[in-house]
Amino acid sequence: MSHEIRADYSQIWMFPPSLEDLLEKDHPVRFIREFVDALDLRELGFRMRKGDEGRPNYAADLLLKVWLYGYLERIRSSRKLEKACRQHVALMWLTGMNSPDHNSLWRFWNDNKQALKEVFRQTVRVAMDAGLVDMVLNAVDGTKIAARASTDKAWFQKKLKKRLERLDAWLDQAMKEVEKAEKEESGEYRLPEELAEKQKLRETIHESLIQLKAKERESMHPGEPDAQMMKTREGTRLGYNAQAVVDSKAEVIVAGEVTTDQNDTHQLVPMLEAVQKEMRKVAEETVADAGYFSGEQLDKAQKVELPVLVNLVQVRKAEEDGGPYHSSKFEYDSENDCYICPMGQKLKYEGLRKRKDRDYETRAYRCKSGSQCAVRWKCSKDKKGRCVERSPYSGAILMQKEKQRDKAKADLLRRRMVIVEPVFARVKHLLEFRRWTMGGLEKVRTQWLFVCALTNLGRIYPLWRQGKLQLV
């Protein structure tokens, strides 16, 4: 006769089970504990208790362990973390059966924003000591993460203007009706309550438009003005652009940053400089996708000797679409400061040009051959003759093109996706971090580096689990 296993709620333990026995020896919570115990929190800048008076506080190392393991378990709310400390076996073991309240947890985070960034830097150092970083090849990329603030409650200049127009029309009509009623009725005529509410709404909208104009913004959330409208796979919404530089050996993040820029065009050199600051050097080569292409950034990188490879798909497509007389087919003669066209004609310097969409001037070179050229009208429809512009960064772009002619360099560039994309996949799918729980750029920066620290610990943990790494 078979028996089913059921819970015996009347059973009493003579000797209660130990939490130590409920967690396997290689449980991640043990790794978190060893990692934090190996840190000098005072040196990292964490706030420590100075006196012995008053109620005892929770130690900084205990609260840091709770936050780290909480993020690992995708618990990022201080209230939910407080609850988990009373119910989650691993957290009960980690805290020694203490239950930090949500206020203590939040104050710890808020008071140690700078020190929490240092935790990320410690993960990089541990990874280096463990041989997981070799700085041969790095990849840089960015990912958009939704802001805590709701996109639905953001101000949009176009929508506010249309709404203001409708309100003005409604108010004009309402005021005419009020004036008519005052003439027809004797005694005092009170302003309708609805009209007063509409006027108050009009003032609110008008003030919102003034703020948008003052900040030169098309959209803004009043509760989180740092957040910008960003294009994501889920649509356009308020968010921030999270940046990461990843080392190719074990996919360890060596630098991270958050920006409000809606694209990556100006992030190449700043991210390389962040790596240099953290690691005291940059990788032998750093690869980036087409979103980082910028003549200005390539020029800066070249001047300070930062080795980079940036996908030039936009440049190549423009050259292919431009046909045989695209400007790339014109050769620049630096000695005579002129261009030589595919037909051998010289384009002489004409003057400087400045466009509204650029913050730099270009040098213009004009062809004067006129009807003497057999392909005159195939080359250009301009009645003055073909004109080629040279930007201050043309040399840097040309050098990048020449660099990528080397097959070995081109192969490195193709590896970019398999280096950095898996990291973002772990962040968004394993840690389920798809939305900031903090508001404001500085708080978001702290949270991103904390997430990067957890990602790095995930790369270090297998070595510790195999007994190949001693932290304490």
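See the structure printed just above.
The structure presented is a predicted model; accordingly, all values stated were derived computationally and were not measured. (Residues numbered from 1 in each chain as written. Predicted model: local features only at pLDDT ≥ 70, side-chain atom pairs only at ≥ 80, totals over all residues. Heavy atoms only, no water.)

## Describing helix H4 (residues 60-72)
The end-to-end C-alpha distance of H4 is 18 Å, a good match for the 18 Å that 13 residues give at a rise of 1.5 Å each. Among all positions in H4, only Ala60, Leu62, Leu63, Leu64, Lys65, Val66, Trp67, Leu68, Tyr69, Gly70 and Tyr71 are buried. Once H4 finishes, Arg74 follows within two positions and takes phi at roughly 65°, a positive value. (Helix = DSSP H or I, 4+ residues; strand = E, 2+ residues; numbered from the N terminus. Expected span 1.5 Å × (residues − 1). Buried < 20%, exposed > 50% of the residue type's maximum accessible area, 1.4 Å probe, protein only.)

## A closer look at the environment of Glu257
Mapped onto the fold, Glu257 is located in strand S6 (residues 252-259). You can call Glu257 partly exposed: its relative accessible area is 32%. Each C-alpha atom, one on Glu257 and one on Leu132, is 21 Å from the other, the two residues being 125 residues apart in sequence. Beyond its immediate chain neighbours, meaning those up to four positions away, Glu257 contacts Asn241, Ala242, Gln243, Met271, Arg445 and Trp448. (Contact = heavy atoms within 4.5 Å.)

## A few points about the packing of aromatic side chains
As enumerated under the stated definition, the model contains 18 aromatic pairs in all. An angle of 50° between the planes, with centres 5.5 Å apart, marks the rings of Phe31 and Trp464 as tilted. Highlighted residues: Phe31 in helix H2 (residues 28-37) and Trp464 in helix H18 (residues 441-465), separated in sequence by 433 residues. Overall, the relative accessible area of 3% leaves Phe31 in the buried class. A relative accessible area of 10% means that Trp464 is categorised as buried. Relative to Trp448, the ring of Trp436 has its centre 6.2 Å away and its plane inclined at 75°; by these criteria the two rings are edge-to-face. You can see Trp436 sitting in the loop between helix H17 (416-430) and H18 and its partner Trp448 sitting in helix H18, a full twelve residues away along the chain. As far as the burial class goes, Trp436 and Trp448 line up, both buried. One aromatic cluster in this structure is built from Tyr240, Phe424, Phe433, Trp436 and Trp448. In this structure, Arg76 packs its charged tip against the face of Tyr71, placed 6.0 Å from the ring centre. (Phe/Tyr/Trp six-rings, centres within 6.5 Å; stacked < 30°, edge-to-face > 60°. Lys NZ or Arg CZ within 6 Å of the ring centre and 35° of its normal.)

Remember, this is a structural readout, not a statement about activity or role.
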